[in-house]
Amino acid sequence: MLKKSILSLLLSGALVAPGVAFAQVKTEISFLRFFGGCADEYANVTDVDKASGECGVIQVLTNKFNAENKDGIKVNTQNVDWNAYYDLLSTKLASNEAPDIAVMHRSTLPNFVARDLIESIGEDLTKAGVDLDDFAKPAREAVTYENKTWGLPFDIHALLWHVNVDIMKAAGLVDASGAPIVPKNAQELFEQARIVKEKTGKRYISMDARNDAMPVRVFNMLMWQQGADVFSSETGKPTINTAQGKQALDFIQKLYKDGLAVATHGNGEASQSFQQGEAAIMVNGTWAVNRLASLSAEGKIGFKTYAVADFPPIFGKATWSDSHMWVMPKKNRTPEQKAAAIAFLKYLNDNGISWAKTGHLPVRTSVLQSEAYAKLPFRNAYAQTAQMARAVPMVQNQRPAQDAMRDSFGAALLTDKSTADALAEAQSKVERLFRRVR
Amino acid sequence: MAARQLRSERTSEWLIRSLLVGLAALWMIPLIWIVAMSFKPNDVLAMSTSGLLPIPFTLKNFSDIFFVSMTPRWLLNSAVVALGTTALTLVVASLAGYAFARLDFPFKRTLFIIVLAGLMVPEQTLVIPLHAVVTSWDLHNTHFALMAPRVALPVGVFLMTQFFKAVPKELEEAAAIDNASRFTIFRRIMLPLSIPALVTLGIYTFLHSWNDFFWPLVSATNTNMYTITVGLASLQGNFAQTEGLGFIMATAVFASLPIVIVYLIFQRYLVRGIALSTGK
Amino acid sequence: MTAAHSATSPKHIGISPRFAFEPKSSAKRRDGLAALAFLAPYLIFFVLFLAYPFFWGVWISFHDWELVGTLRKFIGLANYWDMFEDPIFRVSIRNTLLFTAITVPVMVAASLGLALALNRENRFHAVLRVIFFTSSVFSVTVATLIWIMVLSPDRGLFAHLFNSLGLQPIAFLGSPDWAMPALTITTVWWSVGFPMILFLAGLQQIPQELYDAARIDNASAWRRLTRITLPSLKRTIVLVVVLQIIGQLQIFGQPLIMTGGGPADRTRSMVQTIYETGFNEWQLGYASAMSLFLFGVMFLASMLQLYISRQED
């Protein structure tokens with residue numbers, strides 16, 4: 001009662017959404033995601049060609065759907081900061097506030113499925129005309145758990161080698177065509193770093209270390225490059241504290257201890273400093289390609305020529321990847337709301353090429369092979385990534401495990417903790433987390 | 001001798017005064033800087049954040065608050081929650097305080113001790129079970145759920161009990177002879193006397209409720225129900241990007257204005273109130 | 001001030017003698033009903049939102065109890081045994097104790113110093129009192145927002161200062177050694193107001209005659225401070241120390257927002273670990289057990305105050 005009266009008071013006073021014709025809206029669905037907030041920057045923009053970056057593309061796609069769908073569906077976006085996303089999704093589920101559609105990672109899906117929190121939507125998608133067989137194998141795997149389809153795969157994202165060509169050229173590390181030379185092993189990498197420092201005085205790598213998952217992603221990648229894995233895919237047990245783990249973490253530690261990268265960088269500071277032209281290379285994901293390309297084209301960053309490449313083989317060929325998907329948390333929906341949610345998912349799937357613009361790898365074979373995709377800038381430069389991409393086995397509690405590894409590894413990068421101690425600590429923390437898995 | 005001592009005391013007095021002024025300036029510089037940034041255009045701030053004056057000057061950050069953000073809604077939620085908490089606390093605490101101070105009833109001492117034991121339970125350690133309990137009552141995302149846990153804290157009851165105990169009995173006895181009911185005595189005699197204590201309790205409750213963080217962070221999960229404290233935290237993720245720095249600062253300034261105004265109006269009651277609650 | 005206020009001065013507070021002028025039994029019964037009516041509104045809140053959740057927390061702590069889903073499995077004391085072997089919880093205990101040990105003395109010294117310097121009845125001092133308290137009215141989000149900016153190595157005030165001196169700015173929040181002191185500075189700036197006011201209130205209760213007598217004896221300012229002021233403030237000092245210990249042991253918003261508990265876990269606090277265990281790892285039962293441990297620690301701190309005040313009487 002109190003709740004209702006106060007709510008109505010508030011609604012009358014505070015919620016006046018500009019420019020929305022309420023009369024036409026028949027069904028509203030809630031849409032929870034990260035990717036950033038840019039509703040004001042792209043207010044009323046419905047032309048996807050005008051959007052750049054993850055935030056721009058998903059915002060404009062949503063705008064477009066709201067403006068053009070014939071069924072009177074209105075999608076209400078709530079954007080959440082990426083660091084707080086899963087905490088909020090969890091408390092929302094606990095407090096009966098589940099969104100109609102939520103973004104999720106392949107790596108977090110098992111936790112939600114195991115607790116029966118998500119609808120299995122394979123059949124509904126098929127009925128709506130989504131061709132599940134069009135999904136590439138890794139994408140299909142990403143949404144499949146215990147033989148059911150739990151979401152609509154949206155992309156595969158992987159780590160890439162982003163290059164400030166100005167610095168590489170000044171250091172003489174370009175080939176005859178002017179393309180930057182990518183190191184072929186650890187030794188070449190350190191040699192390049194030395195040359196860059198000597199010839200230009202610049203740092204070699206920008207890579208967030210503090211409070212950031214990047215070192216963990218790179219650690220996973222280096223494990224796969226050695227033919228090992230962080231979790232055993234058969235037993236789901238952590239295999240962090242191993243000879244390969246030592247090799248991987250020693251390498252990462254050396255990047256920071258030798259000054260190739262700055263250990264106090266966190267919260268995107270590495271990406272800032274790369275944009276300001278302070279480092280030759282940035283270790284970051286597919287999600288940065290489009291933004292960096294358009295910023296450099298507009299002359300808005302501290303260097304002229306940007307390039308990107310497949311991640312170099314430090315110990316072997318492999319790169320880290322994960323997958324974004326859309327899921328429908330369990331909640332009481334009217335049939336109209338459910339249909340509206342499926343309709344929006346179908347629309348997002350149809351527009352997969354727009355999302356691929358961000359730099360992510362598309363999930364549909366038909367898009368991957370399309371001419372439109374081939375025409376996107378830089379795609380040839382990281383054509384190998386789709387084959388090199390590896391992902392963490394689908395086990396529960398991966399996110400807390402990743403956080404635990406992040407904190408232990410952080411100590412090895414920022415303090416004088418030895419890599420052996422950090423690995424042992426990470427191993428025991430992750431074992432504890434996995435012990436709680438049902 | 002006395003004159004020399006007087007002079008040296010005067011010198012040290014001036015020394016202390018100038019030290020204090022310097023310290024106060026240091027104290028305020030971050031605030032002045034933030035306020036200055038809130039009046040600067042975002043693209044200027046992306047290049048440089050130095051300078052304590054808002055040059056170049058813009059009001060766009062503040063107008064953006066009204067047109068593109070949820071901030072007004074969050075402010076309204078905070079106002080409803082803080083005012084509601086304060087009103088409820090004043091009512092229930094003064095009633096209960098009167099009973100503990102002036103009425104004689106079975107198990108009074110035991111009950112008082114039980115309530116006082118509640119003082120020992122730190123707010124932060126209650127959040128987890130409170131969340132589970134409020135979930136089972138399906139009360140999350142309501143203003144009431146944001147108010148109730150603070151109303152339940154015994155501080156107000158303790159303060160009002162102490163206060164009423166100190167009111168001279170003679171004032172009541174006269175009324176009692178006139179055969180007035182307990183409630184009439186409470187309302188006609190005790191309440192008017194307790195206005196200073198109520199004002200103090202009110203300000204403290206308002207300040208604390210306005211600034212609550214942990215509980216609303218986990219209970220208000222619908223953006224429409226965020227308080228300004230939680231809402232502002234949800235914006236901070238965009239820190240890494242230089243874009244929007246002025247806007248975030250403007251939101252912080254705007255969000256703090258009501259509480260600063262409340263504080264400046266009532267600040268003289270604060271010291272008095274502390275003397276009341278801890279005067280032992 | 002009104003009569004009511006002056007009546008609250010210390011000597012009047014104490015257990016009041018029962019009403020002597022009414023015949024006991026009938027009055028007590030009548031009062032009993034009235035008391036029920038007076039107490040009921042508060043007791044409803046007290047029982048539903050404090051007592052019940054507290055005991056519910058104890059109950060949950062004996063379970064494997066998840067935030068979402070339906071898992072509620074009784075496991076006895078397993079959460080408690082687990083806790084002390086948990087490296088994450090242990091490091092948060094260490095950090096929280098360290099933070100408390102650094103912050104409480106700084107806070108007490110700063111607030112006492114300010115109170116001593118500002119304990120005058122004139123405009124100048126009144127304005128300064130308002131200034132030093134103003135930062136306390138901001139929410140933790142605003143206070144941390146301000147200090148993240150002030151301490152930022154490329155955009156902060158300190159960075160501007162360092163740059164103008166030709167020095168390399170320090171990444172305070174990114175440095176394992178500086179992060180904790182940075183949180184202390186933020187906390188002192190943010191919340192020195194309340195203890196300062198407690199001390200001011202204490203100072204105002206010291207009888208002026210004591211100082212007048214000292215003046216006649218030609219006692220120096222230092223002697224007056226150590227012989228009169230500080231001994232008279234003893235109770236307030238104990239109170240402030242205990243309130244500060246209890247408050248700082250519950251530190252949450254500052255590390256959560258400013259450092260995320262990093263770098264390298266150096267600022268992770270107990271309440272932050274409780275929050276993450278409950279709402280990120282979904283282990284409400286385990287998080288409840290941690291909460292009760294924290295409650296125990298703070299209970300000991302309060303008992304310490306009782307003990308010290310008893311010693312004095």
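Because the structure is a prediction, the values reported are computed rather than measured.

**Some thoughts on the overall build of chain B**
Counting its secondary structure elements, chain B contains 15 helices and 0 strands. Here chain B has a C-alpha radius of gyration of 24 Å; the compact-globule value for 280 residues is 19 Å, and the former is much larger. Counting only residues that meet the buried cut, chain B has 50% of its 280 residues in that class.

**Brief notes about the overall build of chain A**
Secondary structure summary: chain A contains 19 helices and 11 strands in total. In terms of C-alpha radius of gyration, chain A reaches 23 Å, essentially the compact-globule figure of 22 Å for 438 residues. For chain A, the spread of C-alpha atoms along the three principal axes comes to 65 × 50 × 45 Å. A burial count over chain A gives 49% of its 438 residues as buried. Contacts in chain A between residues at least 24 apart in sequence constitute 76% of all its contacts with a sequence separation of at least 6.

**Focus: the interface of chain C and chain A**
Taken residue by residue, the interface counts 21 residues in chain C and 26 residues in chain A. Across the side of chain C that touches chain A, the residue classes tally to 11 nonpolar, 7 polar and 3 charged.

**With respect to the domain arrangement of chain B**
Taken domain by domain, chain B comprises domain 1 (2–62) and domain 2 (69–240). Taking only C-alpha atoms into account, the centre of domain 1 of chain B sits 36 Å from that of domain 2 of chain B.

**Side note on the interface of chain B and chain C**
With 78 residues of chain B at the interface, the matching set in chain C holds 79 residues. Residue classes in the side of chain B that touches chain C are distributed as 59 nonpolar, 14 polar and 5 charged.

**Quick word on the nonpolar core**
Ala96 of chain B together with Tyr42 of chain C are the most contacted members of the largest nonpolar core, which totals 293 residues. No other element matches the 13 residues that helix H4 (residues 71–102) of chain B contributes to this core. Dropping the residues within four chain positions of it, Tyr42 of chain C is found in contact with Val92, Ala93, Leu95, Ala96 and Val157 of chain B.

**As for the environment of Glu198 of chain A**
Within the secondary structure layout, Glu198 of chain A lies in helix H8 (residues 186–200). Through-space distance from the C-alpha of Glu198 of chain A to that of Ala171 of chain A is 8.1 Å; in sequence the pair is 27 residues apart.

**Description of the UniProt feature "transmembrane region" (unreviewed entry) in chain B**
Residue and element names in this part refer to chain B. Under the feature "transmembrane region" (unreviewed entry), the UniProt entry names residues 14–36, 74–99, 111–132, 144–164, 185–207 and 245–266. The span residues 111–132 is 77% helix and 0% strand, and its two end C-alpha atoms sit 26 Å from each other. Secondary structure across residues 245–266 divides into 100% helix and 0% strand, with the first and last C-alpha atoms of the span separated by 32 Å.

**Quick look at the domain arrangement of chain A**
Residue and element names in this part refer to chain A. Domains assigned within chain A are domain 1 (26–157 + 322–382) and domain 2 (159–320 + 389–435). Taking the mean C-alpha position of each, domain 1 and domain 2 sit 27 Å from one another. On the domain 2 side, the residues contacting the 25 residues of domain 1 number 23 residues. Within the residue set of the side of domain 1 that touches domain 2, elements represented by two or more residues are helix H2 (53–68), helix H4 (109–114), strand E6 (152–164) and strand E10 (319–327). Of the residues assigned to the side of domain 1 that touches domain 2, the class counts are 11 nonpolar, 10 polar and 4 charged.

**A closer look at the packing of helix H4 (residues 87–118) of chain C against helix H14 (residues 270–279) of chain C**
All names here are of chain C. Remark: H4 packs on H14, axes separated minimally by 8 Å, with the N-to-C direction vectors making an angle of 150 degrees. On the basis of their axis angle, the class for H4 and H14 is roughly antiparallel. In contact with Ile88, Phe89, Ser92, Ile93 and Thr96 of H4, H14 contributes Met270, Gln272 and Thr273. Each residue belonging to the contact of H4 with H14 can be placed in one class, and the counts come to 4 nonpolar, 4 polar and no charged.

**Here we look at H2 of chain A**
Residues and elements named next belong to chain A. The terminal C-alpha atoms of H2, which comprises 16 residues, lie 22 Å apart, in line with the 22 Å expected from a rise of 1.5 Å per residue. Turning to H2, its buried residues are Gly53, Glu54, Cys55, Gly56, Val57, Ile58, Gln59, Val60, Leu61, Thr62 and Asn63. Elements that come into contact with the buried residues of H2 comprise strand E1 (27–33), strand E2 (73–79), helix H12 (289–297), helix H13 (335–350) and helix H14 (352–356).

**Some points on helix H13 (residues 228–235) of chain B**
Burial analysis of H13 of chain B places 8 of its 8 residues in the buried class, the great majority of the element. For H13 of chain B, the set of buried residues is Ile228, Thr229, Val230, Gly231, Leu232, Ala233, Ser234 and Leu235 of chain B. Structurally, H13 of chain B contributes buried residues whose contacts are with H4, helix H11 (195–211), helix H12 (214–219) and helix H14 (245–266) of chain B together with helix H6 (140–151) and helix H13 (253–259) of chain C.

**Observations concerning the pairing of strand E8 (residues 279–285) of chain A**
All names here are of chain A. In terms of burial, E8 is a largely internal element, 7 of the 7 residues being buried. Strand direction decides the pairing type here: E6 and E8, joined by 5 bridges, are antiparallel. Directly across from His162, in E8, lies its bridge partner Met282. With 3 bridges connecting them, strand E7 (residues 203–206) and E8 associate as parallel partners. Looking across to E8, one finds that Ile205 is bridged to Ile281.

**Section: the environment of Leu151 of chain C**
Residues and elements named next belong to chain C. Tracing the backbone shows Leu151 in helix H6. On a C-alpha basis, the gap between Leu151 and Ala182 in space is 8.1 Å, while along the polypeptide they are 31 residues apart. If near-sequence neighbours (up to four positions away) are discounted, Leu151 is found in contact with Gly156, Phe158, Phe172, Leu173 and Ala182.

**What to know about unusual backbone geometry**
In this structure, the amide linkage connecting Ile55 of chain B to the following residue, Pro56 of chain B, adopts the cis form with an omega of -10 degrees. The omega torsion across Gly262 of chain C and Pro263 of chain C is -10 degrees, close enough to zero to call that bond cis. With respect to the helices, strands and loops of the structure, Pro263 of chain C is situated in the loop between H13 and H14. Of note in this structure, Phe35 of chain A is not a glycine but carries a positive phi near 80 degrees. Mapped onto the fold, Phe35 of chain A is located in the loop between E1 and H2.

**Examining the confidence of the model for chain A**
Within chain A, residue pLDDT values average 89, and 94% of them lie at 70 or more. Segment residues 1–23 of chain A is flagged for pLDDT under 50; beyond a separation of four residues in sequence, or across chains, it makes 13 contacts in the model.

**Remarks on the environment of Arg432 of chain A**
Summarising the element assignment, Arg432 of chain A is placed in helix H19 (residues 419–435). Separated by 31 residues in the primary sequence, Arg432 of chain A and Ala401 of chain A have C-alpha atoms spaced 9.3 Å apart.

**As for the confidence of the model for chain B**
Interpretation of the predicted coordinates at a detailed level should be avoided for regions scoring low in pLDDT. Residue and element names in this part refer to chain B. In this model, chain B carries a mean pLDDT of 87, and residues with pLDDT of at least 70 account for 91%. Taking the mean pLDDT of every element in chain B, the minimum, 65, falls on helix H15 (residues 268–278) and the maximum, 97, on helix H7 (residues 143–151). As a predicted assembly, this complex carries a pTM of 0.89 together with an ipTM value of 0.89.

Reading the values: the criteria
- Residues numbered from 1 in each chain as written.
- Chains lettered and ligands numbered in written order.
- Predicted model: local features only at pLDDT ≥ 70, side-chain atom pairs only at ≥ 80, totals over all residues.
- Helix = DSSP H or I, 4+ residues; strand = E, 2+ residues; numbered from the N terminus.
- Rg over C-alpha atoms; globule rule 2.2 N^0.38 Å.
- Buried ≥ 20, exposed ≤ 12 C-beta atoms within 10 Å, placed from the backbone.
- Contact = placed C-beta atoms within 7 Å.
- Nonpolar A, V, L, I, M, F, W, Y, C, P; charged D, E, K, R; others polar.
- Domains from an automatic or database assignment.
- Core = buried A, V, L, I, M, F, W, Y, C linked by C-beta atoms within 7 Å.
- UniProt positions renumbered as here; feature names shortened; annotations may be inferred.
- Axes fitted to C-alpha atoms, helices over the stretch in contact; angles between N-to-C directions.
- Parallel < 35°, antiparallel > 145°, perpendicular 65-115°, else oblique.
- Expected span 1.5 Å × (residues − 1).
- Pairing = 2+ DSSP bridges.
- pLDDT = per-residue confidence, 0-100.

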